[in-house]
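# Tertiary structure, described
For reference, the chains in residue letters:
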Amino acid sequence: MSAIAKEILTKSANAIPLISQSARPKSLYRALKVMNGNGVGETVTTTKLLNKGFSDCYYKVTSVQLRGAELTHGRAYGVEVWKGKVLNEGKPVEIRGGLKWNWVKYTPTVEHISSTATKVAA
């Protein structure tokens, strides 16, 4: 995309989410700011965990405090789930590594869904 086209799109009121939702890697705060309600209630995980095969490790976001001129910094809190088990008795903790790793919206895999259904049925 040319510099002129990018400048026109970024100054357009409707273009910011389109550019922010592109396939490029995002910090936690960039990923959350394009979600409804700044991502509160959504589940997020790092691409690092997904690449290592930890498909059922994620955070369920409970609160977000975005700051900065473009809302690309801040603090986020959520309930941590590690290998399918809720940690810290379900109490929200600060989500660490928000600027360090790339973050994506968590979608459960087929294996995770089937194993959870088996545990619930038993």
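Per chain, residue numbering runs from 1 following the sequence as it is written. Since the coordinates come from a predicted model, pLDDT governs what is reported: local features require at least 70, and pairs of side-chain atoms require 80 or more to be given and counted, while whole-chain, interface and lining totals use all residues. The side-chain figures draw on all heavy atoms in the structure; neither hydrogens nor water molecules are used.

### So, the overall build of the protein chain
If you tally the helices and strands in the protein chain, you get five helices and six strands. When a residue's accessible area, from a 1.4 Å probe over protein chains only, is under 20% of the maximum for its type it is buried; when over 50% it is exposed; and in between it is partly exposed. Here the protein chain, with 122 residues, has 28% of them falling under the buried criterion. The contacts of the protein chain with a sequence gap of at least 6 include a subset with a gap of at least 24, amounting to 48%. What sets the accessible areas is the Shrake-Rupley method with a 1.4 Å probe; for residues, cover comes only from the shown protein chains. For the protein chain, the computed accessible surface area is about 8100 Å², with 57% contributed by carbon and sulfur atoms. The helix and strand labels rest on DSSP assignments: H or I over at least four residues marks a helix, E over at least two residues marks a strand, and numbering proceeds from the N terminus. Any pair of residues with heavy atoms lying within 4.5 Å of one another is described as a contacting pair.

### A look at the packing of aromatic side chains
To pair, rings of Phe, Tyr and Trp, with the six-membered ring standing in for Trp, must have centres within 6.5 Å; the planes then decide the type, stacked if under 30 degrees apart, edge-to-face if over 60, and tilted in the middle. Under the counting rule described, the total for this entry stands at three aromatic pairs. Where Tyr58 meets Tyr106, the ring centres are 4.3 Å apart and the plane angle is 20°; that geometry is what we call stacked. Here Tyr58 is found in strand β2 (residues 58–67), whereas its partner Tyr106 is found in the loop between β6 (103–105) and α5 (110–121), with 48 residues between them in sequence. Relative to Trp103, the ring of Tyr59 lies with its centre 6.2 Å away and its plane at 50°, an arrangement referred to as tilted. Of this pair, Tyr59 sits in strand β2 while Trp103 sits in strand β6, and the two are 44 residues apart along the sequence. Overall, the relative accessible area of 13% leaves Tyr59 in the buried class.

### Observations concerning the pairing of strand β3 (residues 73–82)
Here, any two strands with at least 2 DSSP bridges between them count as paired. As paired strands, β2 and β3 are joined by nine bridges and run antiparallel to one another. Paired with Ser63 across the strands is Tyr77, a residue of β3. Between β3 and strand β4 (residues 85–86), which pair antiparallel and follow one another directly, the connecting turn spans two residues, one of which, Lys83, has a positive phi of 55°.

Any functional reading would require information beyond the geometric quantities listed.
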